[in-house]
Amino acid sequence: MESTTTERITLTRELVIDASPETVWGFLTDPEKIARWKGTAATFDPTPHGRHRTEVLPSHTAVGEVLEIDPPRRLVLSWGWENGSWEVPAGATTIEYELVPEGSGTRLKFTHRDLPSKESAESHGIGWDHYHERLAVAATGGDPGPDPWLTERMK
């Protein structure tokens, strides 16, 4: 879903993952686990104003800082692309994860705020859908395998 406010677009997604909030939390904050579902390398300082950096694909590195952290319930990060690629420079947008227990699993509520254009929102929406599917597999103990987007770029 997308909504527009003052020329900025907000993207929202929800999915249920068959893993506890504590388990899902680890896949959002542990660099080794982040790299299993989203990227090739990651750093994450889980403190207020700590920095995060994820090389999602070669030449597509997401960076920002921790704005809010409330384990294992809520994580808010500034988000953008290193070197200002993709219309979204570092720190220009905000992503928020809210983890809500649901039965034996977790409802992940995801929001990406302040996207600059409809095209940017569509592109990021495709990316988040792709990577959240991989997160769901990894958090339930599965192996999401090599990222097909990475192998496509290496050809």
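Just above sits the structure.
Residues numbered from 1 in each chain as written. Predicted model: local features only at pLDDT ≥ 70, side-chain atom pairs only at ≥ 80, totals over all residues. Heavy atoms only, no water.

For the protein, the helix and strand inventory stands at four helices and eight strands. Its helices and strands taken in sequence order, the protein reads β-β-α-α-β-β-β-β-β-β-α-α from the N to the C terminus. Relative to its length of 155 residues, the protein is compact, with a C-alpha radius of gyration of 15 Å against a globular reference of 15 Å. Considered along the principal axes of its C-alpha atoms, the protein spans approximately 40 × 40 × 30 Å. Per element, the accessible surface of the protein, about 7700 Å² overall, is 51% carbon and sulfur. (Helix = DSSP H or I, 4+ residues; strand = E, 2+ residues; numbered from the N terminus. Rg over C-alpha atoms; globule rule 2.2 N^0.38 Å. Areas by Shrake-Rupley, 256 points an atom, 1.4 Å probe, with all protein chains shown as cover.)

With that settled, consider the pattern of salt bridges. In the structure shown here, the tally under the stated rule is nine salt bridges. We note a salt bridge from Glu-82 to Arg-53, for which the minimum N-O separation is 2.9 Å. Highlighted residues: Glu-82 in the loop between strand E6 (74-81) and strand E7 (93-102) and Arg-53 in strand E4 (residues 51-57), separated in sequence by 29 residues. What makes Glu-82 partly exposed here is its relative accessible area of 27%. Its salt-bridge partner being Arg-113, residue Glu-96 comes within 2.9 Å of it at the nearest N-O pair. Of this pair, Glu-96 sits in strand E7 while Arg-113 is found in strand E8 (residues 105-115), placing the two residues 17 residues apart along the sequence. By sharing partners, the salt bridges in this structure join Glu-68, Arg-74, Glu-96 and Arg-113 into a single network. (Salt bridge = Lys/Arg side-chain N within 4 Å of Asp/Glu carboxyl O. Buried < 20%, exposed > 50% of the residue type's maximum accessible area, 1.4 Å probe, protein only.)

Okay, helix H3 (residues 118-139) next. Helix length check: H3 (22 residues) gives 30 Å between terminal C-alpha atoms against 32 Å at 1.5 Å per residue, within 8%. Among the residues trailing H3, Gly-141 stands out with phi positive, at a value near 95°. (Expected span 1.5 Å × (residues − 1).)

Turning our eyes to something else, we now look at the nonpolar core. The nonpolar side chains of soluble globular proteins are, as a tendency, buried together. Ile-17, Trp-37, Leu-75, Tyr-97, Leu-108 and Leu-135 are the most contacted members of the largest nonpolar core, which has 35 residues in total. Tallying contributions element by element places H3 first for this core, with seven residues. Excluding its chain neighbours within four sequence positions, the residues that come into contact with Leu-135 are Ile-17, Phe-27, Leu-28, Trp-37 and Leu-108. (Core = buried A, V, L, I, M, F, W, Y, C linked by side-chain atoms within 4.5 Å. Contact = heavy atoms within 4.5 Å.)

Two strands pair when backbone bridges link them, and E6 and E7 are joined in this way by six bridges, in the antiparallel orientation. What sits directly across from Val-76, in E7, is Glu-96. When E7 meets E8, the two strands line up antiparallel, connected through nine bridges. Its bridge partner being in E8, Thr-94 is matched across the sheet by Arg-113. (Pairing = 2+ DSSP bridges.)

From the geometry alone we can't say anything about function, so treat these as descriptive.
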